[in-house]
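Chain by chain, the residues:
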Amino acid sequence: MARNWKWFVPVGCLGTIVLAAAAVVGFIFLIMGGIQSTDVFQNALAKARANAQLIVAIGEPMDPSFITTGTISTSGSSGEANLEA
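Worth saying up front: this structure is predicted, and the values here are computed from it rather than measured.

Chemist: Would you explain the overall build of the protein chain in this entry?
Modeler: What the protein chain contains, in helices and strands, is 3 helices and 2 strands. Helices (α) and strands (β) of the protein chain occur, in sequence order from the N terminus, as α-α-α-β-β. Computed over its C-alpha atoms, the radius of gyration of the protein chain comes to 21 Å, more than 25% above the 12 Å expected for a compact globule of 85 residues. Taken along the three principal axes of its C-alpha coordinates, the protein chain extends 70 × 35 × 15 Å. Considering the protein chain as a whole, with its 85 residues, one finds that 9% of them fall into the buried category. For the protein chain, restricting intrachain contacts to residue pairs at least 6 apart in sequence, the fraction spanning at least 24 positions comes to 33%.

Chemist: I'm lost on helix H1 (residues 5–36) in this one. Help?
Modeler: Residues spaced three or four apart along an α-helix face the same direction, because each turn holds 3.6 residues. Helix length check: H1 (32 residues) gives 46 Å between terminal C-alpha atoms against 46 Å at 1.5 Å per residue, within 8%. Along H1, the positions that sit buried rather than exposed are Met32, Ile35 and Gln36. Elements that come into contact with the buried residues of H1 comprise helix H2 (39–50) and strand S2 (78–84).

Chemist: Would you take a moment to explain H2 for this structure?
Modeler: In a regular helix each residue adds 1.5 Å, so 12 residues correspond to 16 Å; H2 covers 16 Å between its end C-alpha atoms and thus fits that length. On its buried face, H2 is in contact with H1, helix H3 (52–58) and S2.

Chemist: Which parts of the structure should I look at to understand the environment of Phe66?
Modeler: As for its placement among the helices and strands, Phe66 is situated in the loop between H3 and strand S1 (69–75). With 14 residues separating them in the primary sequence, Phe66 and Ala52 have C-alpha atoms 24 Å apart.

Chemist: I would appreciate a short explanation of unusual backbone geometry in the present structure.
Modeler: With glycine set apart, most residues show a phi of negative sign, and most peptide bonds adopt trans. Cis geometry marks the peptide bond from Glu60 to Pro61, where omega comes out at -5°. By secondary structure assignment, the location of Pro61 is in the loop between H3 and S1.

Chemist: Sorry if this is basic, but what is going on with the pairing of S2 here?
Modeler: Where a strand is regular, its side chains alternate between the two sheet faces. Of all 7 residues making up S2, only 0 are buried, and the element is barely covered by its neighbours. Alignment of S1 against S2, held across 7 bridges, turns out to be antiparallel. In the sheet register, Thr71 faces S2, and the bridge partner there is Asn82. What sits between S1 and S2 in their antiparallel hairpin is a turn of 2 residues, with Gly76 showing a positive phi close to 65°.

The rules behind the values
- Residues numbered from 1 in each chain as written.
- Predicted model: local features only at pLDDT ≥ 70, side-chain atom pairs only at ≥ 80, totals over all residues.
- Heavy atoms only, no water.
- Helix = DSSP H or I, 4+ residues; strand = E, 2+ residues; numbered from the N terminus.
- Rg over C-alpha atoms; globule rule 2.2 N^0.38 Å.
- Buried < 20%, exposed > 50% of the residue type's maximum accessible area, 1.4 Å probe, protein only.
- Contact = heavy atoms within 4.5 Å.
- Expected span 1.5 Å × (residues − 1).
- Pairing = 2+ DSSP bridges.

The quantities given are spatial measurements derived from coordinates; they are silent on function.
This is the structure in structure tokens:
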């Protein structure tokens, strides 16, 4: 180990940076997947896909992008969502 300390520090730092980046990317995937799997999102997407005027305006296929932002607020059986995909 004494001979390899010059490699240990950079590799250890790089490993830490890679693990931190992987954690951030994993968190983003978790949040995006959580938003896109909600009933509100799925219902809105189904309504958009069924709207002929919207299909003419933006075309097909109508698939959400990876990045979905917004807020979802629920209270019992009702709620409100403001989403942008």
